[in-house]
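Here are the chains, one letter per residue:
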Amino acid sequence: MKEFNINNLVRKNILELQPYISFRDHNEFENPVLLDANESPYGDFNRYPDSTQKNLKQKISRIKNISPDQIAIGNGSDELIDLVIKVFCEPKKNSILMMNPSFAMYGFYASINENKVVKLNLNENFEIVKDDFLNVIKDDQLKVFFLCSPNNPTGNSIEDIEFYVKIFNGIVVVDEAYIEFSGKESCIELLEKYPNLIVLQTFSKAWGMAGARVGVAYASKEIIKLINTIKAPYNVNSLSLNSVIKSIDNHEQLNDNIKNTLIEKFWLQNEFQNIDCIKKIYPSDANFFLIEFGNVEKVYQKLLENEILTSKRSPQIADCIRINIGNRKENIRLINVLKQCETL
Ligand SMILES: *Cc1c(COP(=O)(O)O)cnc(C)c1O
């Protein structure tokens, strides 16, 4: 095998780009007078946030047991998806590969960047068909494969992820937005072995901080450096950085969130058994269910009439609704309406 060199995968103009360096963030001071950034000297939020996000990276580094220079912080993992595409995909030339059905944002950002989206249809169990994968990757314009596990909207974890990372000649992004609910090992531990791997996680789901907009990418130092080079210097605001640091310090919150979600999941599963309009509940490693209904349109409308909002988007799973696990009060409301759907 040819020796791996990340620079062969990076867009040429990005390789030549100099990052914007905030001088104060890259040097240590004891008691500085800050007259360098035209900020106001007054108020609680008068200072720009740390562009290197070092305090948060240090915290994450400790809980994930990975070096801070293998961590990039994004304004949600959505921003990181966009940045990864920008680093590796030449507009109007390269394409991304994504599973189908999967998270729509990969296609959204690829299209904005004028990169073609190649879709790999999953089988009836929502697994990747390896032969299809081997076939589709013959396209040498494919640069980034977004592999979502547990997958949104199907809920299942993808088997044998290492196979895809090993075989693919471009970058494989494993999106682990729901990993905390799954009990499965994160692909972070594969990073040492595979320089073409990027793992995405987020504070939006199990951590309960979607409003803070903080996502994390784990990868080789070289890839992290490239992401940091092109990100907006102050991409995550100081309120969000501080809230996430606090919630890491208060680790029990995460464990409580996960525990309660799993209790509610179990409760819902039990209740679902008595609801006739449900045809099938797909196995879920996440905080949501993909459910097939006999008359999906009527059920969706009935839920909506009762102001219960659910998700029904992918044409590949047109007879399914994705329903996320709420608290007990919300789940009771859901079940009560679903019971009224029995006659539909
Ligand atoms: C919710 C979700 C995210 C999280 O995005 P943020 O921008 O971090 O809120 C990422 N990937 C998938 C598959 C998701 O479902």
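All chains use their own residue numbering, which begins from 1 and follows the written sequence. This being a predicted model, a pLDDT of at least 70 is required before a residue's local features are given, and a value of 80 or more before pairs of side-chain atoms are given or counted; all residues contribute to the totals for chains, interfaces and linings. Working from all heavy atoms in the structure, the side-chain values ignore hydrogens and water.

Chemist: Help me understand the sheet that holds strand β9 (residues 288–293), please; the structure alone is not making it clear to me.
Modeler: Strands in a sheet are paired, the pairing made by backbone hydrogen bonds, and the direction either parallel or antiparallel. DSSP-based pairing: two strands are paired if at least 2 bridges between them are found. Here a helix means four or more residues in a row that DSSP labels H or I, a strand means two or more in a row labelled E, and each is numbered from the N terminus. Taken together, three strands build an open sheet; the order of strands is β8-β9-β10 and the sheet is antiparallel. Looking along the sheet, the strands with just one partner apiece sit at the ends: β8 (278–281) and β10 (320–324). Between one strand axis and the next, the sheet turns through 35° on average, direction left out of account. By the bridge criterion, three bridges tie β8 to β9 in an arrangement that is antiparallel. In this analysis, axes come from line fits to C-alpha atoms, helices being fitted only over the stretch in contact, and the angle between any two N-to-C directions falls in the range 0 to 180 degrees.

Chemist: What should I look at first to understand the sheet that holds strand β3 (residues 116–121) in this one?
Modeler: Pairing within the open sheet is mixed, and its seven strands lie in the order β1-β7-β6-β5-β4-β2-β3. Taken across any chain shown, the strands that pair with only one partner, and hence form the sheet edges, are β1 (71–74) and β3. Strand after strand, the sheet turns through a mean of 25° between neighbouring axes, direction not considered. Note that strand β2 (residues 95–100) and strand β4 (residues 142–148) share four bridges and pair parallel. Paired with M98 across the two strands is F146, which belongs to β4. Two residues form a contact once any of their heavy atoms are found within 4.5 Å. Lying over the sheet, helix α3 (residues 76–88) contacts β1, β2, β4, β5 (171–175), β6 (197–202) and β7 (215–218), oriented at roughly 160° with respect to β6. Here helix α8 (residues 221–230) sits on the sheet and contacts β1, β5, β6 and β7; the angle it forms with β1, its principal contact strand, is near 30°.

Chemist: I tried to follow the environment of I179 on my own but got confused; where do I start?
Modeler: As for its position among the elements, I179 is in helix α7 (residues 179–182). Working definition: with a 1.4 Å probe on protein chains only, accessible area under 20% of the residue-type maximum means buried, over 50% means exposed, and in between means partly exposed. I179 gets classed as buried once you look at its relative accessible area, which sits at 10%. Note: C-alpha distance between I179 and N31 (148 residues apart in sequence) is 42 Å. Non-local contacts of I179, meaning those with residues more than four positions away in its chain, are made with P150, K184, E185, S186 and Q201.

Chemist: Before we go on, may I ask you to explain the packing of aromatic side chains in this structure?
Modeler: Aromatic ring pairs are reported here in terms of the distance separating the ring centres and the angle at which the planes meet. Any pair of Phe, Tyr and Trp rings, taking the six-membered ring for Trp, is counted once the centres come within 6.5 Å. Such a pair is stacked with planes under 30 degrees apart, edge-to-face with planes over 60 apart, and tilted for the rest. As enumerated under the stated definition, the model contains 16 aromatic pairs in all. An aromatic cluster is present here, built from F133, F145, F163, Y164 and F168 joined pairwise through their rings. Definition used: whenever NZ (Lys) or CZ (Arg) falls within 6 Å of the ring centre and also within 35 degrees of the ring normal, the charge is taken to sit over that ring. Lying across the ring of Y300, K312 places its NZ or CZ 4.8 Å from the centre.

Chemist: What am I meant to see in the site of the ligand here?
Modeler: Near the ligand lie 14 residues; those nearest to it are D175, Y178, T202, S204 and K205. The definition of a polar contact used here is a pair of N or O atoms within 3.5 Å, where within protein one atom must be able to donate a hydrogen and the other to accept one, and adjacent residues in sequence count solely through side-chain atom pairs. The side chain of K205 places a nitrogen or oxygen atom 3.3 Å from an oxygen atom of the ligand. Shrake-Rupley sampling with a 1.4 Å probe provides the accessible areas, and residues are treated as covered by the protein chains on show and by no other component. Look at the ligand: alone it shows 390 Å² of surface, and the protein chains cover 94% of it. When residues of the shell around the ligand are assigned to their parent elements, the largest contribution, three residues, is made by α3. Looking at the shell around the ligand, its residues break down into five nonpolar, five polar and four charged. One heavy atom within 4 Å of a molecule or strand makes the whole residue count as near it. Charged means Asp, Glu, Lys or Arg here, nonpolar means Ala, Val, Leu, Ile, Met, Phe, Trp, Tyr, Cys or Pro, and polar covers whatever is left, Gly included.

Chemist: Just checking my understanding: could you explain unusual backbone geometry for this structure?
Modeler: With the exception of glycine, most residues fall at negative phi, and the peptide bonds are largely trans. Note that the residue after N100, namely P101, is joined by a cis bond; omega there is 5°. Along the chain, the position of P101 falls in the loop between β2 and α4 (105–112). The omega torsion across N152 and P153 is 15°, close enough to zero to call that bond cis. Tracing the chain through its elements places P153 in the loop between β4 and α6 (161–167). A positive phi is found at K92, a non-glycine position, where the angle reads about 65°. Judged by relative accessible area, K92 falls into the exposed class, the value being 67%. Backbone geometry places D160, a non-glycine residue, at a positive phi of 55°. Take D160: it is sitting in the loop between β4 and α6.

Chemist: Would you mind going over α8 with me for this structure?
Modeler: Structurally, the α-helix is built with 3.6 residues per turn, so residues lying three or four positions apart point the same way. Turning to α8, its buried residues are I223, I224, L226, I227, T229 and I230. Buried positions along α8 lie against α1 (12–15), β1, α3, β5, β6 and β7.

Chemist: I tried to follow the pattern of salt bridges on my own but got confused; where do I start?
Modeler: Two side chains that carry opposite charge are able to pair once their charged atoms sit near each other. One speaks of a salt bridge when a side-chain nitrogen belonging to Lys or Arg is within 4 Å of a carboxyl oxygen belonging to Asp or Glu. Summed over all chains, the structure comprises 15 salt bridges. Taking the shortest distance from any N to any O, the salt bridge between K86 and D82 comes out at 2.8 Å. You can see K86 and its partner D82 sitting in helix α3, four residues apart, about one turn around the helix. For D82, a relative accessible area of 13% translates into the label buried. Notably, a salt bridge pairs E162 with K193, separated by 2.7 Å at the nearest N-O pair. In this pair, E162 is assigned in helix α6 and K193 in the loop between α7 and β6, connecting sequence segments 31 residues apart. We classify K193 as exposed; its relative accessible area is 55%. The structure contains a network of salt bridges with shared partners spanning R24, D36, E39 and R47.

On their own, these measurements won't tell you what the molecule is for.
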